[in-house]
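Letter by letter, the chains look like this.
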Amino acid sequence: MAEVLTKGRGKLAENVMHFGRALRAAGVPVGPGRVADALAALEAGGFEHRRDFYHMLAACFLSRPEHRPVFDQCFALFWRDPQLLEKALGLFLPELRQPGEERAPKPGESRAAEAMTQGMEAPPAREDPEDPGEEIEIDARLTMSTEDRLASRDFEQMTTAEIAAAKRAVATLSLPVRPIASRRTRAEPRGRAPDWRATMRQAMRRGGEIGDIARRAPRIRWPALVCLCDISGSMAGYSRMLLHFLHAAANARGAGWSRVHAFTFGTRLTNITRHLGQRDVDEALAAAGREATDWEGGTRIGHALEAFNRDWSRRVLGQGGVVLLITDGLEREDPERLGLAAERLRLSCRKLIWLNPLLRWEGFEARAAGVRALLPQVDSFRAAHSIDSLRALADALNRPDDMGEKGRLLWMAPR
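An account of the accompanying structure is given in this report. (Residues numbered from 1 in each chain as written. Predicted model: local features only at pLDDT ≥ 70, side-chain atom pairs only at ≥ 80, totals over all residues. Heavy atoms only, no water.)

### Quick notes on the side chain of T199
Here is step 1 of the chain: Mapped onto the elements, T199 comes out in helix α10 (residues 196-205).
Here is step 2 of the chain: Take T199: its relative accessible area is 3%, and that puts it in the buried class. (Helix = DSSP H or I, 4+ residues; strand = E, 2+ residues; numbered from the N terminus. Buried < 20%, exposed > 50% of the residue type's maximum accessible area, 1.4 Å probe, protein only.)

### Considerations on the state of the cysteines
As used in these notes, a disulfide is a covalent bond between sulfur atoms, one from each of two cysteines.
Here is step 1 of the chain: Tallied over the full model, the rule gives 0 disulfides.
Here is step 2 of the chain: Here C229 stays free of any disulfide, with the sulfur of C227 as its closest cysteine sulfur at 8.3 Å.
Here is step 3 of the chain: By relative accessible area, C229 is classed as buried at 0%. (Disulfide = S-S within 2.5 Å.)

### Quick word on the packing of helix α14 (residues 301-311) against helix α16 (residues 335-348)
Here is step 1 of the chain: For the pair α14 and α16, the least separation of the axes is 8 Å and the interaxial angle reads 35°. You can see that α14 and α16 cross each other, and the crossing is left-handed. Contacts from I301, G302, H303, L305, E306, F308 and N309 of α14 reach α16 at R337, L338, A341, A342, R344 and L345.
Here is step 2 of the chain: Across the contact of α14 with α16, the residue classes tally to 7 nonpolar, 3 polar and 3 charged. (Axes fitted to C-alpha atoms, helices over the stretch in contact; angles between N-to-C directions. Left-handed = near helix turned anticlockwise from the far one by under 90°. Contact = heavy atoms within 4.5 Å. Nonpolar A, V, L, I, M, F, W, Y, C, P; charged D, E, K, R; others polar.)

### Some remarks on the sheet that holds strand β1 (residues 185-187)
Here is step 1 of the chain: On the basis of which strands lie adjacent, the open sheet formed by 3 strands has the order β1-β3-β2 and antiparallel pairing. If you trace the sheet from one side to the other, it starts and ends with β1 and β2 (193-194), each paired once.
Here is step 2 of the chain: As defined by bridge partners, β2 adjoins strand β3 (residues 215-218) across 2 bridges and the pair is classed as antiparallel. The residue of β3 that forms the bridge with P194 is R215. (Pairing = 2+ DSSP bridges.)

### Let's talk about the sheet that holds strand β5 (residues 260-265)
Here is step 1 of the chain: Reading across the sheet, the 6 strands line up as β6-β5-β4-β7-β8-β9 and stay open at both edges, with mixed pairing between neighbours. The open sheet has two edge strands, β6 (269-271) and β9 (380-383), and neither has a second partner. In this sheet, neighbouring strand axes are inclined to one another by 20° on average, regardless of whether the strands run parallel or antiparallel.
Here is step 2 of the chain: The pairing of strand β8 (residues 351-356) with β9 spans 4 bridges and is parallel. The residue of β9 that forms the bridge with I353 is S380.
Here is step 3 of the chain: Packing of helix α11 (residues 236-251) onto the sheet brings it into contact with β4 (225-230), β5 and β7 (322-326), and relative to β4 it is tilted by some 165°.

### Comments concerning the packing of helix α9 (residues 160-170) against α11
Here is step 1 of the chain: Where α9 contacts α11, the axes come no closer than 9 Å and their chain directions differ by 25°. As judged from the angle between their axes, α9 and α11 are roughly parallel. At the point where α9 passes α11, the crossing takes the right-handed sense. Residues I163, A166, K167 and V170 of α9 touch α11, and the partners they reach there are M241, H244, F245 and A248.
Here is step 2 of the chain: A class-by-class count of the residues in the contact of α9 with α11 yields 6 nonpolar, 1 polar and 1 charged. (Parallel < 35°, antiparallel > 145°, perpendicular 65-115°, else oblique.)

### Let's talk about the nonpolar core
Here is step 1 of the chain: One finds L175, L225, F245, W257, I387 and L393 to be the most contacted residues of the largest nonpolar core, which totals 42 residues.
Here is step 2 of the chain: Once residues within four sequence positions are removed from consideration, I387 is found in contact with L150, A151, F155, A166, A169, V170 and L173.
Here is step 3 of the chain: One finds F263, F364, A373 and L409 within the second-largest nonpolar core, a separate group that totals 32 residues. (Core = buried A, V, L, I, M, F, W, Y, C linked by side-chain atoms within 4.5 Å.)

### Here we look at the packing of aromatic side chains
Here is step 1 of the chain: According to the stated counting rule, one finds 10 aromatic pairs in the structure shown.
Here is step 2 of the chain: For the pair F19 and F71, a centre-to-centre distance of 5.7 Å together with 70° between the ring planes defines the contact as edge-to-face. Of the two residues, F19 sits in helix α2 (residues 10-25) while F71 sits in helix α5 (residues 68-79), which places them 52 residues apart along the sequence. Across the pair, exposure class does not vary: F19 and F71 are buried alike.
Here is step 3 of the chain: Lying over the aromatic face of W312, R315 brings its terminal NZ or CZ to 4.7 Å of the ring centre. (Phe/Tyr/Trp six-rings, centres within 6.5 Å; stacked < 30°, edge-to-face > 60°. Lys NZ or Arg CZ within 6 Å of the ring centre and 35° of its normal.)

### Some thoughts on α16
The α-helix advances 3.6 residues per turn, and as a result positions three or four apart in sequence lie on the same side.
Here is step 1 of the chain: Given a rise of 1.5 Å per residue, 14 residues ought to cover 20 Å, and the 20 Å separating the end C-alpha atoms of α16 matches this to within 8%.
Here is step 2 of the chain: Among the residues making up α16, those that are buried are L338, G339, A341, A342 and L345. Down the axis of α16, the sector holding all buried residues measures 165°, keeping them to one side. Among the exposed residues of α16, those oriented more than 90 degrees off its buried face are E336, L340 and L347.
Here is step 3 of the chain: Turning to α16, the residues buried within the fold contact β4, α14, β7, β8 and α17 (369-374). (Expected span 1.5 Å × (residues − 1). Arc of directions from axis to C-beta.)

### Describing the pattern of salt bridges
Here is step 1 of the chain: In total, this model carries 9 salt bridges according to the counting rule given.
Here is step 2 of the chain: Here D195 and R216 are joined by a salt bridge, their closest N and O atoms 3.1 Å apart. Taken together, the residues D195 in the loop between β2 and α10 and R216 in strand β3 connect sequence positions 21 residues apart.
Here is step 3 of the chain: The exposure class of D195 is buried, given its relative accessible area of 11%.
Here is step 4 of the chain: In this structure, E333 engages R300 in a salt bridge whose closest nitrogen and oxygen atoms are separated by 2.7 Å. On the criterion of sequence distance, the pair formed by E333 in the loop between β7 and α16 and R300 in the loop between α13 (281-291) and α14 is long-range, its members being 33 residues apart.
Here is step 5 of the chain: Owing to a relative accessible area of 28%, R300 belongs among the partly exposed residues under this scheme.
Here is step 6 of the chain: Bridged by salt links that share partners, the residues R300, E306, E333 and R337 form one connected network. (Salt bridge = Lys/Arg side-chain N within 4 Å of Asp/Glu carboxyl O.)

### What about the side chain of T264?
Here is step 1 of the chain: Within the secondary structure, T264 sits in strand β5.
Here is step 2 of the chain: Beyond its immediate chain neighbours, meaning those up to four positions away, T264 contacts C229, I231, L243, L269, T270, I272 and A292.

Next comes the structure, spelled out in C-alpha cells:
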C-alpha cells in the first residue's frame, strides 16, 4: 500500500505518508484513504506557503475538532522543528529547569511527541574528553514515583501509554458508601429492641407461656448511585475515562450500592445501565457507544436533566439515591431552564455531586451562565480530571457536610 501511494510522487509523498502514520499513532483516525486524498489535494492545488500546506492536510486528515491540538503539535514537530528528536525525547526524559521555566504541556503535545519518537532510540550520552572520570549522582529519594505522577496528571495531557495505565488504575478504584439510617426494623435474634407482638404470638402458640423474647434490629438500606455523564465535544477528553470509572463502580463487589445506574447526554439522554453491567469494559463501552448516538456533539444539559426528571427520576431515585452529574456546565440553551431542572433533581435525590473537569484550573471562576445556574443547586462541587480527584470523590461520599469548591465559588461569583 505504501508503494502504491508514493510511487512516482517523490520525497514529499513519503513524508506525507509518514506524517499520517504519526497522527494515527497519536490517536487521530487516519487511514490510507485519507493519505491518498491528501496527496491528490496537494497535486491538484499545490501550495506556495506553509499555511496552505497546513490547511490542506488538516482538511484531509481531521474530522473532529478535538483532534486539532494533536494535529497542530504533530505538524509543528514533523514539518518545522529542526531539532525534532532531541525536543521530542525531552518531553519524556527528566529535565533540570531554572525557576520560572516550567510550563504546562499543551493539549495533545505528549501524544504527538510519543507518536513522533515511536521506534526511535534515545541518543547516546555524550562524553566529555576533559573529564572522563566525573560522575553525576542524582538523589531520587524525594522525587515523585511514576505512579504518583500518573495519579496527579490531567487525563487530557496523558500519552497513549499513560492512558492505558490510567485505565488499569481506575479499574481498581471503588466508591464505598455507608448504609442509610432507617426507622424500619426487621426480625433479628440478637437485636437490641424487643418485639412484643412477635413475643405474644409465640406465647399464644404455647398456651400463653412466654419463653424467649423476640427482638428486632434496624433494617439495613443501601442507596442507589445514579451517574449522568456529559459526552459532548467539550468533554471528549474526560468522558471515556470517567465511563471506565463508572464501569468499575458498577461491577465492584461489596461497595454497598443497591444499584448503579448510568446515563449519557449530549443532545439527548441515553440509558446505558445494562451495557455497563457487562464484565468486559471494552465490550461495555463499545455497546454504550452504539446506544448513544450523540457522542462528541452539542450540549443540552437542561434538556437532558428535564428528560431524566420526567422519565427516570421516580424509577431510580426512590430509595434515596446519590447523583453524580459529570459535565463542564457549558450550556448552550436557557440557563434559567437548566437551574429549574437541577433544582428538581436535587429535591429528588439524597445528594447531588457535580464533577467538573474545568475545576482543575486554579483560576476557575463561576462566570459561565450554565455554571452559575447549576452551582447553587448542587450539594458538592468537585474536580474530575485525574486519578487523585476520583480517589478524593470516594472520601467525600462518606462526608455528609462535604461541599468541595462550592462555597468558595459562590462567594467569588459575580453578582
